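Take a look at the letters that make up each chain.
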Amino acid sequence: MTSIRATTEQNDKARWGAGSDVTANASATAFCYPPRETVKGGVLADLLSGRTITHLDCWHDHGSSRLAHHIYVLKADGWPVHVVEKEVPTCRGRRAQIAFYSLTPETIAAAGERGQRFVAQGAKEAA
């Protein structure tokens with residue numbers, strides 16, 4: 001007989017794939033970390049480093065035009081990503097609404113040393 005925890009862990013590993021760093025339990029401070037080399041991992045590292053990112057940042061930094069999807073998945077996995085929509089001017093003079101995504105300082109603190117190691121891992125790989 002398989003325990004619920006083992007089944008949850010197995011499902012999380014299937015969701016994230018090989019190489020993921022999964023922590024799934026009922027604790028409010030237990031976060032799921034996607035593989036660092038994925039776009040979701042890069043976006044999470046950006047957020048954990050205190051950055052506020054937009055779709056354009058994701059396109060430039062990670063080569064993905066799907067930031068909203070990556071945020072959706074991170075939120076589904078327990079990351080309380082904060083979203084603020086702002087109206088900005090476009091190059092042709094019209095106004096557009098864009099989303100700015102961030103984590104609160106409290107969430108970054110709750111991720112603790114493990115979150116900072118996750119950020120540092122990406123910085124080391126980029127260097």
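Computed from a prediction, not measured in an experiment: that's the story for all the values here.

**Section: the packing of helix α2 (residues 39–48) against helix α3 (residues 55–62)**
And step 1. Closest axis-to-axis distance for the α2/α3 pair is 11 Å, and the angle between their directions is 120°. The pairing of α2 with α3 is recorded here as oblique in orientation. Relative to α3, α2 is oriented so that their crossing is right-handed. When α2 is examined against α3, the residues Val39, Gly42, Val43 and Asp46 are found in contact with a partner set consisting of Cys58, Asp61 and His62.
And step 2. Considering only residue class, the contact of α2 with α3 consists of 3 nonpolar, 2 polar and 2 charged.

**Some details on the pattern of salt bridges**
And step 1. Overall, the coordinates contain 5 salt bridges when judged by the stated rule.
And step 2. The partner of Arg51 in a salt bridge is Asp57, with the nearest N and O atoms 4.0 Å apart.
And step 3. Judged by its relative accessible area of 29%, Arg51 falls in the partly exposed class.
And step 4. Classification of Asp57 by relative accessible area gives partly exposed; the value is 23%.
And step 5. Here Glu87 makes a salt bridge to Arg95, at a shortest N to O gap of 3.1 Å.
And step 6. Among the residues examined, Glu87 registers a relative accessible area of 46% and is labelled partly exposed.
And step 7. Residue class for Arg95 comes out partly exposed when judged on its relative accessible area of 46%.
And step 8. One network of salt bridges, in which partners are shared, links Asp46, Arg51, Asp57 and Asp61.

**Concerning helix α4 (residues 67–76)**
And step 1. When α4 is considered as a whole, its buried residues turn out to be Leu67, His70, Ile71, Val73 and Leu74. The buried side chains of α4 occupy one side of the element, clustering within an arc of 160° when seen end-on. The exposed set on the far side of α4, more than 90 degrees from its buried face, consists of Tyr72 and Ala76.
And step 2. Immediately downstream of α4, the backbone of Gly78 shows phi near 100°, a positive value.

**A short note on the pairing of strand β2 (residues 95–102)**
And step 1. Pairing geometry for strand β1 (residues 82–89) and β2, over 8 bridges, is antiparallel. Bridging across to β2, His82 finds its partner in Ser102.
And step 2. The hairpin formed by β1 and β2 contains 5 residues between the paired strands, and Gly93 there has a positive phi angle of roughly 90°.

**Digging into the packing of α2 against α4**
And step 1. One can describe the packing of α2 onto α4 by two numbers: an axis separation of 10 Å at closest approach and a directional angle of 80°. Compared by their axis directions, α2 and α4 come out roughly perpendicular. Note on element contacts: α4 touches α2 through Leu67, His70, Ile71, Val73 and Leu74, opposite Val39, Lys40, Val43, Leu44 and Leu47.
And step 2. Residue classes in the contact of α2 with α4 are distributed as 8 nonpolar, 1 polar and 1 charged.

Definitions and cut-offs
Residues numbered from 1 in each chain as written. Predicted model: local features only at pLDDT ≥ 70, side-chain atom pairs only at ≥ 80, totals over all residues. Heavy atoms only, no water. Axes fitted to C-alpha atoms, helices over the stretch in contact; angles between N-to-C directions. Helix = DSSP H or I, 4+ residues; strand = E, 2+ residues; numbered from the N terminus. Parallel < 35°, antiparallel > 145°, perpendicular 65-115°, else oblique. Left-handed = near helix turned anticlockwise from the far one by under 90°. Contact = heavy atoms within 4.5 Å. Nonpolar A, V, L, I, M, F, W, Y, C, P; charged D, E, K, R; others polar. Salt bridge = Lys/Arg side-chain N within 4 Å of Asp/Glu carboxyl O. Buried < 20%, exposed > 50% of the residue type's maximum accessible area, 1.4 Å probe, protein only. Arc of directions from axis to C-beta. Pairing = 2+ DSSP bridges.

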